[in-house]
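The chain contents come next:
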Amino acid sequence: MILKTRELPLNILVLEAIERRLENDHPKMPRIKELLAKYRKGHRGEHSIDYPLSILPEKEYLILHNIRLQFQKLHFQIDTLLICSRFILLLEVKNFGGTIFFDRKFNQLIQTYHGNVKSYTCPIIQVSNQERLLRQWCGQHNFNEIPIISLVVISDPSSMIKIDPADRTTFQKVIHSHYLPTKIEQQKTITNKTVYSLKEMKKLARTLIKHHKLNTTHILRLLDIDPSEIKTGVQCPICSYIPMVRNNALWHCDECLHRAKEAHMPALKDFFLIFNETITNKEAREFLHCSSPDTIKRILCSLHLPTSGKTKSRKYSLTPLIHPPPI
Ligand SMILES: [Zn+2]
């Protein structure tokens, strides 16, 4: 049973928001397009496990995609998490083409693709770290100990996996996606003690979804783009012109003369993705190009967003616009 779907990853949404709010000839635009292509490819790779996972008996497994958690000061992201009564399984999906060699002596992954050789940090180490952090996170949230295991899933069926002949562990941790159902059923016979009831499994899934943390603001810093370079204002949904002008409870486009009632919604989402998960009345006035505090208050109140603080310092949480509240 899928409890948390795989929505478009946040880093893709953030880059798309930055892309539409920068001048087309901005020097960072090629880098943004390159990163977008890379993340979209990774996202397509993650879909490759959808079919193998759908073969599993639906009632026995709870599946959550793209969970980002915090343990103490550390954040960690899990591509796919399977909960069953006997164990928790973490899956890290990698979309590598060509030949991939797992060098466990130096913990690196070496890819040979169309004659080019590239080295990456070993995904086995990455997923083992996630395993460790999830174990500590579960302890912190008072869940009974349950075996937590992890696998690296290679999504491209044509890629060739190679290991050192003396390596006795990698083949247990790395698999092609089509082998996933068999591997999971095998694990059930190895870990044959029931630890969680269905009620406990659901409680863990709900707690994980509740603590799923979003983080967006680092991308602007990472790309070294000054916030002042981001175009503010409501974007016309027809011709993409920024900014539309607020008049008589409607947004007007000076370019194509289109009029729209709800055009502020994508702009507020962009504010969330680029700047902050909360917004004040003053920030919204500046970002939406609307000088009336009353109009902004009406717009923000109509969205029924969670708020904190009073009067002028009131902050509206924009998170529900991107991610609806958990089940
Ligand atoms: Zn327009």
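These numbers come from a predicted model, not from an experiment.

What counts, and at which threshold
Residues numbered from 1 in each chain as written. Predicted model: local features only at pLDDT ≥ 70, side-chain atom pairs only at ≥ 80, totals over all residues. Pairing = 2+ DSSP bridges. Helix = DSSP H or I, 4+ residues; strand = E, 2+ residues; numbered from the N terminus. Expected span 1.5 Å × (residues − 1). Buried ≥ 20, exposed ≤ 12 C-beta atoms within 10 Å, placed from the backbone. Arc of directions from axis to C-beta. Domains from an automatic or database assignment. Contact = placed C-beta atoms within 7 Å. Nonpolar A, V, L, I, M, F, W, Y, C, P; charged D, E, K, R; others polar.

Caption draft 1: Looking closely at the sheet that holds strand β11 (residues 245-247). Pairing is antiparallel in the open sheet, where three strands are placed in the order β11-β12-β13. One side of each edge strand has no neighbouring strand; the edge strands of this open sheet are β11 and β13 (259-260). Relative to strand β12 (residues 250-252), β11 runs antiparallel, the two sharing three bridges. Across the sheet, Arg 246 pairs through a bridge with Trp 251, a residue of β12.

Caption draft 2: Fine view of helix α4 (residues 123-140). Given a rise of 1.5 Å per residue, 18 residues ought to cover 26 Å, and the 26 Å separating the end C-alpha atoms of α4 matches this to within 8%. Along α4, the positions that sit buried rather than exposed are Pro 123, Ile 124, Val 127, Gln 130, Leu 134 and Trp 137. What you see down the axis of α4 is that its buried residues fit within an arc of 145 degrees, all on one side. With respect to the buried face of α4, the exposed residues turned more than 90 degrees away are Gln 136, Gly 139 and Gln 140. Of the residues trailing α4, Asn 142 is marked for its positive phi of about 60 degrees.

Caption draft 3: Fine view of the domain arrangement of the protein. Here the domain parsing of the protein yields domain 1 (2-210) and domain 2 (231-322). In this structure, domain 1 and domain 2 have C-alpha centres spaced 36 Å apart. With six residues of domain 1 at the contact, the number on the domain 2 side is five residues. Of the residues in the side of domain 1 that touches domain 2, the class split is four nonpolar, no polar and two charged.

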